[in-house]
Amino acid sequence: ALLGRADEARREGKLATELSPEPADALDGPKIAARHALILAQLGDADAAVPLLARLLTIPNTAYLSVQDLRLSPEWDPLRGDPAFQRLAAGPEPRTEFR
């Protein structure tokens, strides 16, 4: 995504999440989905990234992805102007859902 190959980045991010989906891979699935959200963020696709981030914040095993991370990490800067991202980053840490 950072090299300007948007279509390839979207395709590879989606493929990675399909190969290791969260329900089937509780350890690596959320991490891969979070990287996919980062790809979408770097491409400026807030409509796809924000709902994914909101869901990931409620899943166990994504402790490295937190509301605090969204507030402070520069990798999320492309989404800072989006109102939905601003609400997500400003809000409290969502409750973790155990299924």
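The coordinates are above.
Per chain, residue numbering runs from 1 following the sequence as it is written. For this predicted model, a pLDDT threshold of at least 70 governs which residues receive local features, and a threshold of 80 or more governs which side-chain atom pairs are given and counted, while totals over whole chains, interfaces and linings are taken from all residues. For the side-chain quantities, the full set of heavy atoms in the structure was used; hydrogens and water were omitted.

### As for helix 3 (residues 46-56)
Inference 1: The set of residues buried in helix 3 consists of Ala-46, Ala-49, Val-50, Leu-52, Leu-53 and Leu-56.
Inference 2: Packing partners of the buried residues in helix 3 comprise helix 2 (29-42), helix 4 (67-72) and helix 5 (83-90). For the exposure calls, accessible area comes from a 1.4 Å probe over protein chains only, and a residue counts as buried if that area is under 20% of its type's maximum, exposed if over 50%, partly exposed in between. Counting from the N terminus, the helices are DSSP H or I runs at least four residues long and the strands are E runs at least two residues long. In this analysis, two residues are considered to be in contact whenever any of their non-hydrogen atoms come within 4.5 Å of each other.

### Considerations on the packing of helix 2 against helix 3
Inference 1: It is the contact of helix 2 with helix 3, at a shortest axis distance of 9 Å, that shows an interaxial angle of 155°. As the angle between them shows, helix 2 and helix 3 are arranged roughly antiparallel. Considering only the axes of helix 2 and helix 3, their crossing is left-handed. Only Ala-48, Ala-49, Leu-52, Leu-53 and Leu-56 of helix 3 make contact with helix 2, whose side of the interface consists of Pro-30, Ala-33, Ala-34, His-36, Ala-37, Leu-40 and Ala-41.
Inference 2: Residue composition of the contact of helix 2 with helix 3, grouped by class: eleven nonpolar, one polar and no charged. Here an angle of 0 to 180 degrees is reported between the N-to-C directions of two axes, which are lines fitted to C-alpha atoms, with helices fitted over the stretch in contact. Should an angle fall under 35 degrees it is taken as roughly parallel, and over 145 as roughly antiparallel, whereas 65 to 115 is taken as roughly perpendicular and any remaining angle as oblique. Take the far helix as your reference; a near helix turned counterclockwise from it by less than a right angle gives a left-handed crossing, and one turned clockwise gives a right-handed crossing. In this classification, Asp, Glu, Lys and Arg are treated as charged, Ala, Val, Leu, Ile, Met, Phe, Trp, Tyr, Cys and Pro as nonpolar, and every other residue, Gly included, as polar.

### Digging into the side chain of Ser-66
Inference 1: Within the secondary structure, Ser-66 is located in the loop between helix 3 and helix 4.
Inference 2: Judged by its relative accessible area of 17%, Ser-66 falls in the buried class.
Inference 3: Leaving out residues up to four positions away in the same chain, Ser-66 has contacts with Leu-57 and Glu-93.

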